[in-house]
Amino acid sequence: MTDRKKVAFYTLGCKLNFSETSTIARNFTEEGFDRVDFEEVADIYVINTCSVTENADKQFKQVVRKAMKLNDKAFVAAVGCYAQLKPEELADVDGVDLVLGATEKFKITDYINDLTKNDRSEVHSCEISEADFYVGSYSIGDRTRAFLKVQDGCDYKCTYCTIPLARGISRSDALENVLKNAKEISAQNIKEIVLTGVNIGDYGKGEFGNKKHEHTFLELVQELDKIEGIERLRISSIEPNLLKNETIEFVSKSRTFVPHFHIPLQSGSNEILKLMKRRYLREVYTERVNKIREVMPHACIGVDVIVGFPGETDEHFLETYHFLNEMDISYLHVFTYSERDNTEAADMEGVVPAAVRAKRSKMLRGLSVKKRRAFYESQLGTDRIVLFESENKEGYIHGFTENYVKVKTPWNPELVNTLHSINLTKIDEEGSVRMAFLKSKITV
């Protein structure tokens, strides 16, 4: 290709989307395209969309406008979850030329033969039942850590969720391929790998196209722990009913897996959990947190929670609030419930007014600040290992300890992507923890 075209990418949503964007970007590079930053003028802009956020359409339109402002003749392609769920809606956005659904997104270069702007968007979106095969992905070069996709899709039927409609059935990467990808990541001098998926605790289901489990999530964790060259492995969000005690115990003794868990709760009310069709009750959640605290007292535990679900009364909400307040957790990710087409919850009675949803969300976000502060304070005076990030933020470099305490120290480019033994000294006004070096660098 003599006239090399430039392509830029923008990712909305989760870690899984980041891993897939990175894989799609490598496909473009192999086809002879030059990847540039989204802030630069490009011939093609690829936007990986998300359906979880309440303002998914608004965010998408803003990103398209940004691309058109940079180059009004650029070819714009939309892929990802929102592209699968609402392809025609995205196709109607001014400036969009191509919309690809769940199975087509990894073949995007096959659809880009002519970069001329289209009068009408071209849409290729399959029936979600056809999304029954697995495409492995991982991110490299975008961040200090890599996101490694191990599983996709979901067989759960939570009444508020569109992910099964956007990503299809639960299916897993072959264990051999996960290990191969992890080794490839390690060879790039990346110090931390984060395992991602839609429902990673269901790992092993759909491996080799079989509906039964070929391997378990515990077996995956055990095999990854053996790979030389990986300094840190982190488990992203995992369902409480699928986080087994054996996995918790293994992580507590692991060479590479860090003491950090993110466990969705969604509600502290059993009545609401049943309406949501979650596969556990709050007692199971309590058992998981207590087990983690028993074997890893210093572990960081994050929680997802939804406020304003249909039928959630003030009593239900206060039940959730008090449950979380009394629980020994570290921070919250708070989601305000929003109606989604083609979900059971959208037709449920007991709709919670928007103002009430906002008030409840604000209360839980305040609780999260309090919980994170208490967790950080409990870590002061302890010795930890920090991995520094790559950004210069107002003269400081930030990093995260193995148990996810955010630390900062004056900017020094030599610290980027390095591990250091430190002592946590004090919390500054921004909520980050100041630190003192114990060793200049950990040799790896």
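Since we're looking at a predicted model, the values are computed, not measured.

Some points on empty space enclosed by the protein
(1) Moving on: Per the counting criterion, the structure on display carries 2 cavities of 30 Å³ or more.
(2) Moving on: Here the largest cavity defines a volume of roughly 90 Å³.
(3) Moving on: If you go around the largest cavity, you meet 13 residues; those closest to its centre are Ala 102, Phe 106, Phe 133, Asp 152 and Arg 171.
(4) Moving on: Of the residues that constitute the lining of the largest cavity, the class distribution is 6 nonpolar, 1 polar and 6 charged.

Quick notes on the environment of Arg 434
(1) Moving on: Within the secondary structure layout, Arg 434 lies in strand 19 (residues 433-437).
(2) Moving on: It is 6.5 Å that separates the C-alpha atoms of Arg 434 and Thr 409, two residues lying 25 residues apart in sequence.
(3) Moving on: With sequence-adjacent residues up to four places away left out, Arg 434 is seen in contact with Tyr 396, Lys 408, Asn 423, Leu 424, Thr 425, Lys 426 and Asp 428.
(4) Moving on: A polar side-chain atom of Arg 434 sits 3.2 Å from a polar atom in the side chain of Tyr 396.

Some points on helix 9 (residues 245-253)
(1) Moving on: Every buried residue of helix 9 is accounted for by Thr 247, Ile 248 and Val 251. Along helix 9, the residues classed as buried sweep out an arc of 100 degrees about the axis, all on the same side.
(2) Moving on: Contacts made by the buried residues of helix 9 are with helix 8 (217-224), strand 11 (232-235), strand 12 (260-266) and helix 11 (282-295).

Considerations on the pairing of strand 4 (residues 75-80)
(1) Moving on: For strand 4, the buried fraction is high: 6 of the 6 residues fall into the buried class.
(2) Moving on: Neither face of strand 4 is left uncovered, since the one carrying Phe 75, Ala 77 and Val 79 and the one carrying Val 76, Ala 78 and Gly 80 both have all their residues buried.
(3) Moving on: Strand direction decides the pairing type here: strand 3 (residues 44-49) and strand 4, joined by 6 bridges, are parallel. Across the sheet, the residue bridging to Thr 49 is Gly 80, located in strand 4.

Brief notes about the pairing of strand 16 (residues 396-401)
(1) Moving on: The buried fraction of strand 16 is high, at 5 of 6 residues.
(2) Moving on: When strand 16 meets strand 17 (residues 406-410), the two strands line up antiparallel, connected through 5 bridges. Bridge assignment links His 398 to a residue of strand 17, and that residue is Lys 408.
(3) Moving on: Here strand 16 folds back onto strand 17 in antiparallel fashion, the turn holding 4 residues, of which Tyr 404 has a positive phi close to 65 degrees.

Re the nonpolar core
Nonpolar side chains tend to gather and get buried jointly when the protein is soluble and globular.
(1) Moving on: Core analysis: the biggest nonpolar cluster contains 49 residues, and Leu 148, Leu 195, Leu 220, Leu 224, Ile 292, Leu 324 and Leu 364 have the highest contact counts within it.
(2) Moving on: Setting aside residues no more than four positions away along its own chain, Leu 195 makes contact with Leu 148, Val 150, Ile 200, Leu 220, Leu 224, Leu 233, Arg 234, Ile 235, Ser 236 and Phe 257.
(3) Moving on: Core analysis: the next-biggest nonpolar cluster, separate from the first, contains 24 residues, Ala 8, Phe 60, Val 64 and Ala 78 among them.

Considering the sheet that holds strand 14 (residues 331-336)
(1) Moving on: Ordered by their spatial adjacency, 3 strands build an open sheet running 12-13-14, and the pairing between neighbours is parallel. Only two strands of the sheet have a single neighbouring strand rather than two, namely strand 12 and strand 14. Within the sheet, the average angular offset between the axes of one strand and its neighbour, ignoring direction, is 20 degrees.
(2) Moving on: Alignment of strand 13 (residues 300-307) against strand 14, held across 6 bridges, turns out to be parallel. Across the sheet, the residue bridging to Val 305 is Val 334, located in strand 14.
(3) Moving on: Across the sheet, helix 12 (residues 314-326) is in contact with strand 12, strand 13 and strand 14; its angle to strand 13 comes to roughly 175 degrees.

Structural notes on the packing of helix 9 against helix 11
(1) Moving on: Where helix 9 contacts helix 11, the two axes come as close as 10 Å, and the packing angle between them is 25 degrees. Our classification of the angle between helix 9 and helix 11 gives roughly parallel. Remark: the crossing between helix 9 and helix 11 carries right-handed chirality. Where helix 9 abuts helix 11, its residues Asn 245, Ile 248, Glu 249 and Ser 252 lie against Arg 288, Lys 291, Ile 292 and Val 295.
(2) Moving on: In terms of residue class, the contact of helix 9 with helix 11 is built from 3 nonpolar, 2 polar and 3 charged.

Cut-offs used in this document
Residues numbered from 1 in each chain as written. Predicted model: local features only at pLDDT ≥ 70, side-chain atom pairs only at ≥ 80, totals over all residues. Heavy atoms only, no water. 1 Å grid on protein atoms, 1.4 Å probe; cavity = no way out; pocket = protein on both sides within 12 Å on 5 of 7 lines; lining within 4 Å. Points joined across faces, edges and corners; volume = space filled by probe spheres on them. Nonpolar A, V, L, I, M, F, W, Y, C, P; charged D, E, K, R; others polar. Helix = DSSP H or I, 4+ residues; strand = E, 2+ residues; numbered from the N terminus. Contact = heavy atoms within 4.5 Å. Polar contact = N/O pair within 3.5 Å; in protein donor to acceptor, adjacent residues only side chain to side chain. Buried < 20%, exposed > 50% of the residue type's maximum accessible area, 1.4 Å probe, protein only. Arc of directions from axis to C-beta. Pairing = 2+ DSSP bridges. Core = buried A, V, L, I, M, F, W, Y, C linked by side-chain atoms within 4.5 Å. Axes fitted to C-alpha atoms, helices over the stretch in contact; angles between N-to-C directions. Parallel < 35°, antiparallel > 145°, perpendicular 65-115°, else oblique. Left-handed = near helix turned anticlockwise from the far one by under 90°.

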